[in-house]
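Survey of secondary and tertiary structure
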Amino acid sequence: MLLRVIGAARRGNHGPWRMTRTVTRPLSSRAVIDMATRDGELRVFLVAGEVSGDSIASRLMASLKKLSPYPVRFAGVGGDLMRREGLQRIFPMEDLAVMGLWELLPHIINFRARLKETVEAAVSFRPQVVVTVDSKGFSFRLLKQLNDVFRGEKDRPVHVHYVAPSFWAWKGGERRLERLRQFVDHILCILPFEAEVCRWNGLAATYVGHPVLEDALHLDLDLDPSSNKQKMRRNGDAFRHEHGLSPGATVITLLPGSRLQEVTRMLPIYLQAVQLLKDSFADLSIIIPVAPNRDVEAYINREVQSWSLSAVLISGASLDKKYNAFSASSAALCTSGTGVMELQLAGLSCVVAYQAHFLTEWLIQYKTKLNFISLPNIILNSAVIPEVLFRACTSEKLATILSRVVADDSVRDQQASAAQKVLELLRPPSESISSSVLRESGLSSAICCPSMIAASKTLDAELRRLDQS
């Protein structure tokens, strides 16, 4: 069903990945760009609470600097990638990187203190626009409180939320969208069917493309099926040579997650699973792209010292290193999330695994209306990627399934074919959609990619909340 919805949302022919448009039009006085014109600068307050959000937000920041005709200042919460783009950070994103119901309880006092601190910082900064990225628990509480603080003021900031909440995954999820109209002015969606559903529920929304598509651009990978650059070809042999991995070695990439709580839960299970394969694959090595999270980095660096298996640690913040590692690998174990989509782009077969506190698991199983947890399986409505979840996620079961993925060419071929189909469905909007976005913004760009579309819509976003009408 979801596959048909995605197909319907992508009307028309695909436009080129690279394109140029220069169109101008008068903008409403309630648009972000007009407030920047009045002030002579663009002030953007951003919040990203996890590694994937840090990456998305940093690219948005870079694109805003390219598109804005005025100097841009950034403040808020984020990681190192955002800081490199000029974020004046009030505290590190690691303080917010908690997911799950039960898992959040020990951090609730700190969570509330950080929320109060963030509201005060935003008010002091006087932004024309507040952009929250994913992390809906913190993001929506922040936007609601800012809406109350600025209520009745003429120059309140526009509220933009990047990455729509997964309303399609939960029972009654679509009904919750209506509540967002009270404090969200525009939603930037990363799945093609989401924007239309948001608009049905009274929310201004734009499909900007999935972030993994921007990886393809940076890696000079053309996703057009007819292109000779379609297949990911990276320096896998060179990576093996550089890190002392023999050409015939079986190399398993481990992606245990980007939050400390999930890494501490999943990494030991992954390691035990790989150790169970030592008798089946004599020359066995591990690669771990370490998420750019200070707590995760410290934990993995400490744990790896006691491992008996050879392990190569690389920075997960480096696209080249990460995708070269994927190219050097035989298969991967992955905690569901952004990493699954990166493996799709790399064409690396994988097994998805996930565990949480049993109360969180019960809530997920009770509230979800989906049969799968990983986005590729959800999109295709098929268990192409094996999923080992919750109490069934044991090292023994992971080892059995991973061994089959490594050894069976047909399993890997099936995953590779499915990955191409998923990426095709998630390609950027058609030329007509992308052109209209840039045309309405009155700005031009030589490259049409998710962050550029998101930046143009952020500049063009207007106050649309109910109390403003």
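Before any of the text, the structure's been laid out above.
The notes below deal with the structure included here. Source: prediction; values computed, not measured.

This part takes up the environment of leucine 309. By secondary structure assignment, the location of leucine 309 is in the loop between α13 (294–303) and β10 (310–315). Under the relative-accessibility criterion, leucine 309 is labelled buried at 8%. Measuring from C-alpha to C-alpha, the distance between leucine 309 and glutamine 275 comes to 7.5 Å, with 34 residues separating the pair along the chain. Ignoring anything within four residues of it in the chain, the contact list for leucine 309 reads Leu271, Val274, Gln275, Lys278, Leu284 and Ile286.

In this section: the sheet that holds strand β11 (residues 331–335). Note on sheets: strands pair through backbone hydrogen bonds, and any given pair is parallel or antiparallel. Strand order in the open sheet formed by six strands is β10-β9-β8-β11-β12-β13, and the pairing between neighbours is parallel. Strands with a single pairing partner mark the edges of an open sheet, and in this sheet they are β10 and β13 (387–389). In this sheet, neighbouring strand axes are inclined to one another by 20° on average, regardless of whether the strands run parallel or antiparallel. Where strand β8 (residues 250–255) lies against β11, four bridges are found, and the strand directions are parallel. Residue pairing across strands places leucine 254 opposite leucine 333, the latter belonging to β11. Across the sheet, α13 lies against β9 (284–290) and β10, angled at about 160° from β9, the strand it touches most.

What follows covers the sheet that holds strand β6 (residues 186–189). Across the sheet, which stays open at both edges, the seven strands sit in the order β3-β2-β1-β4-β5-β6-β7 with parallel pairing between neighbours. Strands at the two margins of the open sheet, each flanked by one partner only, are β3 (87–92) and β7 (205–207). On average, each strand axis in the sheet is inclined to that of its neighbour by 15°, with strand direction left out of account. Of the pairings in the sheet, the one linking strand β2 (residues 72–78) to β3 comprises four bridges and is parallel in character. The residue of β3 that forms the bridge with phenylalanine 74 is leucine 87. On the sheet, helix α7 (residues 136–149) packs against β1 (42–48), β4 (129–133) and β5 (158–162) and is oriented at approximately 160° with respect to β4.

In terms of nonpolar packing, the biggest core is built from 107 residues, with Val44, Leu46, Tyr162 and Ile187 touching the most fellow members. When residues no more than four places from it in sequence are discounted, the contact partners of valine 44 are Leu64, Val72, Arg73, Phe74, Ala75, Phe125, Pro127, Val129 and Val131. Within the second largest apolar cluster, 38 residues are counted, among which are Val263, Tyr270, Leu271 and Val405.

A cluster of nonpolar side chains, Trp362, Leu363 and Tyr366, forms an exposed patch at the surface whose accessible area comes to about 340 Å². Positionally, tyrosine 366 belongs in helix α16 (residues 358–367).

Moving on: helix α14 (residues 319–328). Most of α14 sits out of view: seven of its ten residues are buried. For α14, the complete set of buried residues consists of Leu319, Lys322, Tyr323, Asn324, Ala325, Phe326 and Ala328.

For the rest of this paragraph, the subject is α16. Residues spaced three or four apart along an α-helix face the same direction, because each turn holds 3.6 residues. All buried positions along α16 are accounted for by Thr360, Glu361 and Ile364. Down the axis of α16, the sector holding all buried residues measures 100°, keeping them to one side. Away from its buried face by more than 90 degrees, α16 exposes Phe358 and Trp362.

Before going further, it helps to spend a moment on the packing of helix α3 (residues 51–67) against helix α21 (residues 450–460). Packing of α3 against α21 leaves a shortest axis separation of 8 Å and a crossing angle of 60°. Regarding α3 and α21, the two cross each other, and that crossing is right-handed. Of α21, the residues touching α3 (which contributes Arg59, Leu60, Ser63, Leu64, Lys66 and Leu67) are Ser451, Met452, Ala454, Ala455, Ser456, Thr458 and Leu459. Taken together, the residues of the contact of α3 with α21 sort by class into seven nonpolar, four polar and two charged.

Conventions adopted
Residues numbered from 1 in each chain as written. Predicted model: local features only at pLDDT ≥ 70, side-chain atom pairs only at ≥ 80, totals over all residues. Heavy atoms only, no water. Helix = DSSP H or I, 4+ residues; strand = E, 2+ residues; numbered from the N terminus. Buried < 20%, exposed > 50% of the residue type's maximum accessible area, 1.4 Å probe, protein only. Contact = heavy atoms within 4.5 Å. Pairing = 2+ DSSP bridges. Axes fitted to C-alpha atoms, helices over the stretch in contact; angles between N-to-C directions. Core = buried A, V, L, I, M, F, W, Y, C linked by side-chain atoms within 4.5 Å. Patch = residues over 30% accessible without salt bridge, like charges linked within 9 Å, V, L, I, M, F, W, Y side chains within 5 Å. Areas by Shrake-Rupley, 256 points an atom, 1.4 Å probe, with all protein chains shown as cover. Salt bridge = Lys/Arg side-chain N within 4 Å of Asp/Glu carboxyl O. Arc of directions from axis to C-beta. Left-handed = near helix turned anticlockwise from the far one by under 90°. Nonpolar A, V, L, I, M, F, W, Y, C, P; charged D, E, K, R; others polar.

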